[in-house]
Structure formats: C-alpha cells, structure tokens
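The lines below spell out each chain.
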Amino acid sequence: MTIFFSLLVLAICIILVHLLIRYRLHFLPESVAVVSLGILMGAVIKIIEFKKLANWKEEEMFRPNMFFLLLLPPIIFESGYSLHKGNFFQNIGSITLFAVFGTAISAFVVGGGIYFLGQADVISKLNMTDSFAFGSLISAVDPVATIAIFNALHVDPVLNMLVFGESILNDAVSIVLTNTAEGLTRKNMSDVSGWQTFLQALGYFLKMFFGSAALGTLTGLISALVLKHIDLRKTPSLEFGMMIIFAYLPYGLAEGISLSGIMAILFSGIVMSHYTHHNLSPVTQILMQQTLRTVAFLCETCVFAFLGLSIFSFPHKFEISFVIWCIVLVLFARAVNIFPLSYLLNFFRDHKITPKMMFIMWFSGLRGAIPYALSLHLDLEPMEKRQLIGTTTIIIVLFTILLLGGSTMPLIRLMDIEDAKARRRNKKDVNLSKTEKMGNTIESEHLSELTEEEYEAHYIRRQDLKGFVWLDAKYLNPFFTRRLTQEDLHHGRIQMKTLTNKWYEEVRQGPSGSEDDEQELL
C-alpha cells in the first residue's frame, strides 16, 4: 500500500501542476502549491482516520532512508547537470565562500545560539552536539521559488547564479556538517576537550568534503574518457544506459567508503555535464536532459507533498519560545553569513555585489526538503527531543516557503532590482512555473557540437579568457571531449531527422490523423 499511496500522491500533484499551467496561474510557485496540497491531503486523511473509515498512518509516514537513497540523489545530480557552467565557474570563488564558509557560519550561529539560550533556561536545553546538528540541518537553503522569480523577472544573472550556485553546494555542505555532528554524538567525547572536539570535527568535515568532491570529479572525468574513446553514438540505448550507471556510481562508491554520496554525485553531475555530455549523440543528449528533469521533478514533488502531509503524519512537540527563537536565529545567521562575506568579496570582484543584491540574497534563504528529511534522520534521545526538532524544522520550512517565498516577487519589484525593460514586458506575464519552462526549452549549451576548427575559433583564439576558464578551454576540454568531424555531424543530423520523420509518420497514421491535422502540424 505504501507504493500505491506514494504513486497516488504523485499523480494528484502532477494534475495540480498541470492545472496551474493550463489556467496560467503563473504567479504561484509549484513548490508552494504542492506543499499546500499535501497539507490538505493530510487533513483529509486525519479526518478519515478519526472517523475510523481507514488507517493510513503507515503509508503517509515519510521515511528518511527513502529520501537519501532514492529521492535526493536524482535531485542533486540534475541540479549539477543542468547548471549553467559559464556563470558558475566565473563565480566559483564567491559561490564556494558562501556555500562552505557561509553555511558553517550559519550552523555555528544557530547551534551556538540554541545551546546558550538553553543554558540560560530561555528555551529547552540541548547539548552542544545536538545544537550544532540542528544548526547544520537548518542551514540548508532551497530557494526554488526565488530562482523561478529571478528567471521570470530577468534579474541580474550574477545575482541569479550566486543564489542558485550557493544553494546547490550548500545542500551538500549542510548534509556533511550534520553527519559530522552525528558522528561526534555517537562517539564518547566526555574525556575530550572542546578544542580537540573542534579539531576532530574540522578534520572529519574536510575529509568528507574534499574526499567526496574529488571522488565525484574523478568519476565524471573517467566517464568522459570512456565515452570519448568507446563510440556508442550509433546505439543510443547503450549510450544512455552507460550514462545512467555513471550518474549513480559515485553515490554508491562514496557511501561504501564512508564519504558523502551527495557531495560526490553533485560534483560528478557538474563534471559529466561539462565534459561527458558533449561526447554523446544528439539523441542521447536530449534524452538525458529530459529524463533527468522528469525524474528530479517527480522526486521534488514527492518530497514537497510529504512535507505537507508531515504536519499530520507523526506526533509533534510544539514549544512556542523554541520556534520563535529558532526563526530569529535562522534569519540573523543568514545575515551574518551574507553581508560580511559580500563586503569581503567586493574587494576582489570586478562585478560588485550591491547592497540590494545582498538583501535579496539574505531574503532568499528559504528552507526546503533537506532540513525536513535531516531532522527525521537525526538519531536523538529521548524521543521528545527528536519530536521538538522535527516540529520546529517543519514550522521553519513552511514559514520560509509560504511567507518569504510568497513575498519575494513584490519585494524585488519594490526594490527595482530587475531590468527595466524586462519589468515593463513582464508586468502582465510573470511565469513561475518551473515545469513549464523545463518542458519548453532545451539548453543550447547542452546541444553544442563543434568541429575542431569551430572550437578553436570560438574558444582558444579568444583573448578575454583567464584563470580556470582559459585552462579548461586550452587543455582540459580538448582532452576530455571529442572534437567532431563533418561526417559525425552529418550522421547526427540524419539520426535526428530519421527519428523525427518516424514520429511524424506515426502521428499521421494514428487513429485521429487527418489532412487538417497534417496541415496544422506543417
């Protein structure tokens, strides 16, 4: 029944998203709509259970293991695979600073604040490791609604990439920090000084972060070399199967050697998109892109629906003072993270981060599925402590998604942070549907097929390349990607044309085919 219930929830959510697109309710982010639907479904199920008509408690419970093994890897891999590499690598220093040091600052501020407030008997007491674990998990940001608004309003692309890039790396960093705190909790630290505990935690974090990133990067580079030298372009099914294997391979390997599978699969996705993807046939490029988007959409939708259901699915422990102080600490920690680091980065950046951009970055620190799943995954004793953290996390997630996410658009309009021409053009047509945009577009950079001469003209002869971008264009890209001949390009076009003609013939010969339909297609 659990599988049936999950599929039923997904089907209802897909119909809801379809209705949002069909009736052009573009002002409502899909994540907000799905969470709201989950809350409604949870209330209905609770009424059914109260009337003793059925008992679905087992089915509506969200299992953290299912999230980390099945739902989270496709979401993380797709976010890395669909990343706009140009803006990402140009801002890699700023993104890394915000994602790594910024997340660590946020975790320490929230965790330290909760610990000292507990010692002062202002809120419920948590020990140091439990406080740090909660501070780490609640520092994972998920600005899905904000990114959709940025795309709709054509805000500064640098601001877009800083928020989006930080959120991608931040998820992995937050998970590693939480695992670090859990590791300290499981060990007997009673005879170890605070300084030794800090050094142990730092060593564990550095090993997990850099070890997992290196493993994911290495796996991605190996996949590029394999598909460069083993030509599977004429058999797309084998090519696609190989890509799926390499997509999940770093996760399984990293978890098997006690590293972070999420960090590994993120870096693998970025590297495979940058190199391996361009060794694929055009058919597999499109198939890979759309398959990943579809699977990631289903996983995200499932998580947001169960987030809404969770309000009614397990016992809560609600403490008003704990919730209020946690919300204050989360907002304060985000400010301590964004503003000082932005001012520091402006000394080294050509494109400055303006005060308006800093404020929007602070405001866009929404919480999403990952804090919720991590809170359920924490193995805390006694059970009341676990329920308190779980309940508080759900309230913070819903507060940021519904209140902050819903007010981002009017705030951006008020602060005049979008492009003026784009603002006039979009006053009547602002589209926040992530699914509709993904379905209507194929990333141009993901379909680029350049011959040796074209690549040299586009990249190597350019004088404005510097740093890693120059190194990549000059040495790495030619080594890991296949430079196509005119014959390869010709074969790829024939392959695409054959598939298109075959589809068109099937449409014409279908039961509803007619000459009018044919003319309409033409």
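So, a few notes on the structure that sits alongside this text. Not measured: the values here are computed from a predicted model. (Residues numbered from 1 in each chain as written. Predicted model: local features only at pLDDT ≥ 70, side-chain atom pairs only at ≥ 80, totals over all residues. Heavy atoms only, no water.)

Some remarks on the overall build of the protein
Heads up, the condition is: Numbering goes from the N terminus for both helices and strands, where a helix is a DSSP run of H or I of at least four residues and a strand is a run of E of at least two. Exposure categories follow from relative accessible area, calculated using a 1.4 Å probe and restricted to protein chains: below 20% of the type maximum is buried, above 50% is exposed, and the middle band is partly exposed. Two residues form a contact once any of their heavy atoms are found within 4.5 Å. Note that accessible areas follow from Shrake-Rupley with a 1.4 Å probe, and for residues the cover is restricted to the protein chains shown.
Per the secondary structure count, the protein includes 23 helices and zero strands. Sorting the 522 residues of the protein into buried and exposed places 52% on the buried side. A fraction of 82% describes how many contacts in the protein between residues 6 or more apart in sequence connect residues 24 or more apart. Accessible surface for the protein amounts to roughly 24800 Å². Of this, 65% is attributable to carbon and sulfur atoms.

So, unusual backbone geometry
Residue D121 is not a glycine yet carries a positive backbone phi of 60 degrees. Position of D121 relative to the elements: it lies in the loop between α6 (92–119) and α7 (128–137). Looking at D121, the relative accessible area reads 59%, which means it is exposed. With phi around 65 degrees, S258 is a residue other than glycine that occupies positive phi space. Here S258 is to be found in the loop between α11 (236–256) and α12 (261–274).

Quick word on the side chain of T178
As a reminder, the rule being used: Under this definition, polar contacts are N or O atom pairs within 3.5 Å; protein pairs additionally need one hydrogen-donor-capable and one acceptor-capable atom, and for neighbouring residues in sequence, both atoms have to be side-chain atoms.
Mapped onto the secondary structure, T178 falls in helix α9 (residues 157–186). Take T178: its relative accessible area is 0%, and that puts it in the buried class. A polar atom in the side chain of T178 sits 3.4 Å from the backbone nitrogen of L137. Discounting chain neighbours no more than four positions away, the residues touching T178 are A133, S136, L137, L374 and L378.

Looking at the packing of helix α14 (residues 320–345) against helix α15 (residues 355–363)
Rules: Orientation is described by lines fitted to C-alpha atoms, with helices fitted over the stretch in contact, and by angles between N-to-C directions that extend from 0 to 180 degrees. Reported orientations rely on four angle classes, namely roughly parallel under 35 degrees, roughly antiparallel over 145, roughly perpendicular from 65 to 115, and oblique for the rest. In this scheme, a crossing is called left-handed if the near helix is turned counterclockwise away from the far one by less than a right angle; it is called right-handed if the turn is clockwise. In this count, Pro and Cys sit with the nonpolar residues alongside Ala, Val, Leu, Ile, Met, Phe, Trp and Tyr, while Asp, Glu, Lys and Arg are called charged and the others, Gly among them, polar.
Remark: α14 packs on α15, axes separated minimally by 9 Å, with the N-to-C direction vectors making an angle of 150 degrees. Taken together, the axes of α14 and α15 lie roughly antiparallel to each other. Two packed elements cross with a definite hand, and for α14 against α15 that hand is right-handed. Packed against α14, whose contacting residues are L331, R334, A335, I338, F339, S342 and Y343, the element α15 presents M358, F359, M361 and W362 at the interface. Broken down by class, the residue content of the contact of α14 with α15 amounts to nine nonpolar, one polar and one charged.

Structural notes on the pattern of salt bridges
Rule in force here: A side-chain nitrogen of Lys or Arg and a carboxyl oxygen of Asp or Glu constitute a salt bridge if their distance falls within 4 Å.
Applying the stated criterion across every chain yields a total of three salt bridges. With its nearest N and O atoms 3.8 Å apart, the salt bridge here joins K125 to D121. Here the two residues K125 and D121 agree in accessibility, since each one is exposed. Put simply, R334 and E166 hold a salt bridge, and the shortest N to O gap is 2.8 Å. Remark: E166 occurs in helix α9 and R334 occurs in helix α14; sequence separation between them is 168 residues. The burial state of R334 is the same as that of E166; both residues are buried.

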